[in-house]
Every structure is written in C-alpha cells, then in structure tokens.
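Each chain is listed here by its residues.
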2 protein chains.
Amino acid sequence: MKPLDIERQSFEIIARELGGRKPDPEVDLVVRRVIHTTADFDYFDNLVFSPHAVPALQAAIREGCPIVTDTTMAMAGINKRILARFGSQVHCFIGDEEVAREAKTRGLTRSWVSMEKAAQTLGGCVFAIGNAPTALFAISELVRAGKLRPRMVIGVPVGFVNVVEAKEEILSLDIPHIVARGRKGGSNVAAAIVNAALYQMVKREE
Amino acid sequence: MKPLDIERQSFEIIARELGGRKPDPEVDLVVRRVIHTTADFDYFDNLVFSPHAVPALQAAIREGCPIVTDTTMAMAGINKRILARFGSQVHCFIGDEEVAREAKTRGLTRSWVSMEKAAQTLGGCVFAIGNAPTALFAISELVRAGKLRPRMVIGVPVGFVNVVEAKEEILSLDIPHIVARGRKGGSNVAAAIVNAALYQMVKREE
C-alpha cells in the first residue's frame, strides 16, 4: 500500500472512530491530521480555533507570509517543499548565536528571545509553537505592547509547568489562533497543523 | 524559572500523578521523559522494554554506535551535542536521492529502502523509528534474513494502518528493543527515548 493510500485509510478510520463527533468542516482536516499524528483522540476536544482560523492561516501562507517555529523539530516536520510553492519559508531562531548571547545577558529563555527576534526581523508572521510556553508569553507581551500583530499563533506547547497558563494567555488576546487547550501538544502537533492547512491548499487528500 | 528547573518540576509532577504506578528504576527516566514529551500517561502501559534495554542502548551509544532515524524530525529532536561527546552521530537516509530512485524502481517505500541503506552502510546500529511501519518491517526482514543484528530497535511509529502489526513483528524477534505497543508513538517519542538515555548518561537530571 502506498503512503498516501495509508493516509487516506487512516483518515477514514479516524472519522469512523469519532462516530457522531464530527469536527466543523472548516477545521475537520486539521483535527483529523492532529489525531493521525498522535493517535490521540483527546485533540478532538482540545483544539480551539478562532473564527475562520484555518482559512486565515491558508491566506497568510498564500501571501508568502513566513512561518516561525520554536524548535528545529517543528521546522523539520513542516512540508517545506509545498510551502515554497506559495513563496513561504520556515524560520527558527532557537539556535541563533545572537539569541543565545542575549538570552544569557538578559536572563531570559532562548525561546523568549527567539520570538522577539522573529517579530523584529519578520514582523507579523505565522507562529507555530509546539514546545516552549515562554515563546507564547513573549508573543503575548509583544502583542500587548503593540509591537506585534501576528497573522496566526499556533499555540500547542506540551508540558506540565506553565503550559496551560501560556495557552490561556494566547486565548485571552484578540489574535487569530489555533490552540491545543490543556497540557497536550508538541512540535509534531505544531507541524501537523501547518501541514494540514498546506495539504488542503494543494488538495492532497479528500 | 530556568528550563532545567521546569523539567525537574515536570518530572516530579509526573511521578506524583503516576501515584502508586512506579516504573522499574532502570526504565523510569525513559518512561517519564516520554510522558513529559507527550503529556500522555498511556505510555506508562504502552512502553515495552527487552531485558536491560536502557543499559544496552547506553552501552551502544558509549561505543559510538551510530543512530538511524526514519524521519528528519526524529533526527532534529535528538540531542546531537551530547551524542557527539560519545563519538556517536545521527543519520537519516529518507531524503537521500539514491534511496528515492531505488524506492521508485522497486515499488517500495522510501522508509523501507532507507533502512536497507542504513544496514548496508552502518551495520548493526541503533534504529530510532517514530513514523514508518515499513521501516520496522524492513528491519525485521533484514534480521530474519541474517543480514542485520541491530544493537537496538526503538520501535515507536504512530498510526492507524499497519502500525500495531509492525510493532508486534519487532516484539516477535530476538533483538534488543524499546517499543510503544499499540497505535501511539511518533518522531518526538523516538527522540525522547534516545534523549532520556543520553541525559541519564551525563546525569542531567535527578
């Protein structure tokens, strides 16, 4: 069986096992791709979308809006070949030497400073955050200070400390968002959400 | 709070929430790191270890044994800086042009052919498989044909089609393994298992 056939069959199994629980058609392929990526049906309930978040994400990509991740793992997981067709690129500043130096000097996490650097160099891009709650807190501070208007914040860090709070902080702002409420998420989930939007744009699946 | 303090606190929360369920000390930090990576306590039950699998993995790394992943995402997630201290490296052949050509010619998945290439070029290395069931089936076929003796197979693909079967196939072989039984897993889980072994080797945490 070919990988794309397996994927199609997997999406059918997920729809079947969700039973009567049908995601809104606009977000259906995102929800099912996250479940496909994790084999975890909790995401049916966890994922929270601002109004028309998926079309908003797709519009940003179609305009070539850059995507910023907090980890190289999320960057690795995003389909950069398809993204390039729309003139968009993924950036991750976590390994940046200047970011490391500045984080040390200012006593902040590298994740925090990497978000400031993204805001400075790329402006209102798409943020795909699967790991660091401090990345979400940095985005929030920049938004509240009027220094950043993100096109989209995918806020899906995973973890046990400050993670729930960081996501609720994003949900409290008036910005386009896709958030996995609660503890669950991950770099794989962040990448899956971007890829779901991309594959729908090129009609890779149903 | 510093990232390492957050991590320590997270590991304590996980131990507390596991309550009376205590992982065997030898595998404790692996089990808890996977839960930390996914916020999913199912891994307490899902993870299956061959006898002394964690010390075996650590011995392989200490000898500089290479690690092969099926995805660039798992490769991105593994701590390559610490790995390098032991003279070990991560390899991933999924994007290899020769692999792509051969997969097309032979009508196999790139994941399958990438495992053959790993076996040919690196021999009995550590396999960290978080995505492709066909990678596990390829490893199994090579083992059964007497062409490969892996030092360790971390078999944690995620998914709904052929995934459970591929993991059971690995469990049926007499090779050192760490397997996430059932549908769950992922590139993040594969990387977390390697990192847990590494961090214990350098005593990064408790």
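In case you missed it, the structure is sitting above this.
In every chain, residue numbers begin from 1 and rise along the written sequence. Chain labels run from A onward and ligand labels from 1 onward, assigned in the order the entries are written. Where local features are concerned, this predicted model is filtered to residues with pLDDT of at least 70; where side-chain atom pairs are given and counted, the filter is 80 or more; whole-chain, interface and lining totals use all residues. Working from all heavy atoms in the structure, the side-chain values ignore hydrogens and water.

Student: Help me understand empty space enclosed by the protein in this model?
Tutor: The gaps of empty space that remain are located by a probe, the size of a water molecule, rolled over the atoms. Two kinds of site are reported from a 1 Å grid over the protein atoms alone, namely cavities, where a 1.4 Å probe fits but cannot get out, and pockets, open sets with protein on both sides within 12 Å along at least five of seven lines, and residues are called lining when an atom falls within 4 Å of a point. Grid points are joined across faces, edges and corners, and a volume is the space filled by probe spheres set on the points. Scanning the model with the defined rule gives two cavities of 30 Å³ or more in all. Lining the largest cavity we find Thr38, Asp40, Tyr43, Gly185 and Asn188 of chain A together with Thr38, Asp40, Tyr43, Lys184, Gly185, Asn188 and Val189 of chain B. In this classification, Asp, Glu, Lys and Arg are treated as charged, Ala, Val, Leu, Ile, Met, Phe, Trp, Tyr, Cys and Pro as nonpolar, and every other residue, Gly included, as polar. Looking at the lining of the largest cavity residue by residue, the classes come out as three nonpolar, six polar and three charged.

Student: Any chance you could explain the interface of chain A and chain B here in plain terms?
Tutor: Contacts were defined at the residue level, with two residues in contact if any of their heavy atoms lie within 4.5 Å. Listed per partner, the contact involves 30 residues of chain A and 30 residues of chain B. Of the roughly 2300 Å² buried at the junction of chain A and chain B (both faces included), carbon and sulfur atoms supply 69%. When the area that chain A buries against chain B is broken down by residue, the three leading residues are Met73, Phe160 and Val161 of chain A, summing to 30%. Just to be clear on terms, a salt bridge is a Lys or Arg side-chain nitrogen sitting within 4 Å of an Asp or Glu carboxyl oxygen. Here chain A and chain B share two salt bridges between them. One salt bridge in this structure joins Arg183 of chain A and Glu17 of chain B, with 2.5 Å as the shortest N-O distance. We define buried area as the total accessible area lost by two parts upon association, computed with a 1.4 Å probe and summed across both.

Student: Explain the relation of the copies chain A and chain B to me, please; I cannot follow it from the model alone.
Tutor: Note that the two copies of the chain are related through a rotation about an axis and a translation along the same axis. All copies are superposed by least squares; the fitting set is the C-alpha atoms of residues with a pLDDT of at least 70 in both. Of the two same-sequence chains, chain A is brought onto chain B (RMSD 0.0 Å, axial shift 0.0 Å) by a rotation of 180°. These values place the two chain copies in the arrangement generated by a two-fold rotation axis. The C-alpha atom lying nearest the rotation axis in chain A is that of Met73 of chain A; the distance is 2.6 Å. Interface overlap between copies: 100% of the residues of chain A at the interface are likewise at the interface in chain B, consistent with a symmetric, same-surface contact.

Student: Would you explain the packing of helix α8 (residues 110-122) of chain B against helix α9 (residues 133-144) of chain B in this entry?
Tutor: To characterise two packed helices, one gives the angle between the axes of the helices and the distance between these axes. Residue and element names in this part refer to chain B. Throughout, an axis means a line fitted to C-alpha atoms (over the contacting stretch in the case of helices), and angles, computed between N-to-C directions, take values from 0 to 180 degrees. Helix and strand assignments follow DSSP, with helices taken as H or I runs no shorter than four residues and strands as E runs no shorter than two, numbered in order from the N terminus. Between α8 and α9, whose axes approach to 7 Å, the crossing angle comes to 40°. Regarding the angle of α8 to α9, the classification is oblique. Every pair of crossing elements has a handedness; the one defined by α8 and α9 is right-handed. Along the contact surface, α8 presents Ser111, Trp112, Met115, Glu116 and Ala119, while α9 presents Thr134, Ala135, Phe137, Ala138, Ile139, Glu141 and Leu142. When grouped by side-chain class, the residues that make up the contact of α8 with α9 number eight nonpolar, two polar and two charged. An angle below 35 degrees is treated as roughly parallel, one above 145 as roughly antiparallel, one from 65 to 115 as roughly perpendicular, and anything else as oblique. When the near helix sits turned anticlockwise from the far one by under a right angle, the crossing is termed left-handed; a clockwise turn instead gives a right-handed crossing.

Student: Can you walk me through the pattern of salt bridges in this structure?
Tutor: Oppositely charged side chains can pair when the atoms bearing their charge come close. Residues and elements named next belong to chain A. Evaluation of the coordinates by the stated rule reveals 27 salt bridges over all chains. The salt bridge involving Lys184 is made with Asp42; its shortest N-O contact spans 2.7 Å. With a gap of 142 residues between them, Lys184 in the loop between β6 (177-180) and α11 (187-201) and Asp42 in the loop between α2 (28-38) and α3 (43-46) connect regions that are remote in the sequence. Classification of Lys184 as buried rests on a relative accessible area of 10%. Three labels apply to residues, based on accessible area from a 1.4 Å probe with only protein chains included: buried if under 20% of the type maximum, exposed if over 50%, partly exposed otherwise in between.

Student: Honestly, α9 of chain B in this entry has me stumped. Any pointers?
Tutor: Owing to its 3.6 residues per turn, the α-helix aligns residues three or four sequence positions apart on the same side. Residues and elements named next belong to chain B. Its 12 residues give α9 an end-to-end C-alpha distance of 17 Å, which sits within 8% of 16 Å, the value for a rise of 1.5 Å per residue. Considered for burial, the residues of α9 that qualify are Pro133, Ala135, Leu136, Ala138, Ile139, Ser140, Leu142 and Val143. Looking one or two residues beyond α9, the residue adopting positive phi is Gly146, at roughly 75°. Any helix carries an expected span of 1.5 Å times its number of residues minus one.

Student: What am I meant to see in the pairing of strand β4 (residues 126-129) of chain B here?
Tutor: Working note: regular strand, side chains alternate between the two faces of the sheet. Residues and elements named next belong to chain B. Across the two faces of β4 the burial is the same, with Val126 and Ala128 and Phe127 and Ile129 all buried. Pairing geometry for strand β2 (residues 67-69) and β4, over three bridges, is parallel. Following the sheet pairing, Val68 is matched in β4 by Phe127. Pairing of β4 with strand β5 (residues 152-155) involves four bridges; the strand directions are parallel. Bridge pairing in β5 places Phe127 opposite Val153. Throughout, right-handed denotes a crossover for which the path from the first strand over the helix to the second runs clockwise when the strands point away from the viewer. This β-α-β element, β4 to α9 to β5, shows right-handed connectivity. Pairing between two strands requires that DSSP report at least two bridges joining them.

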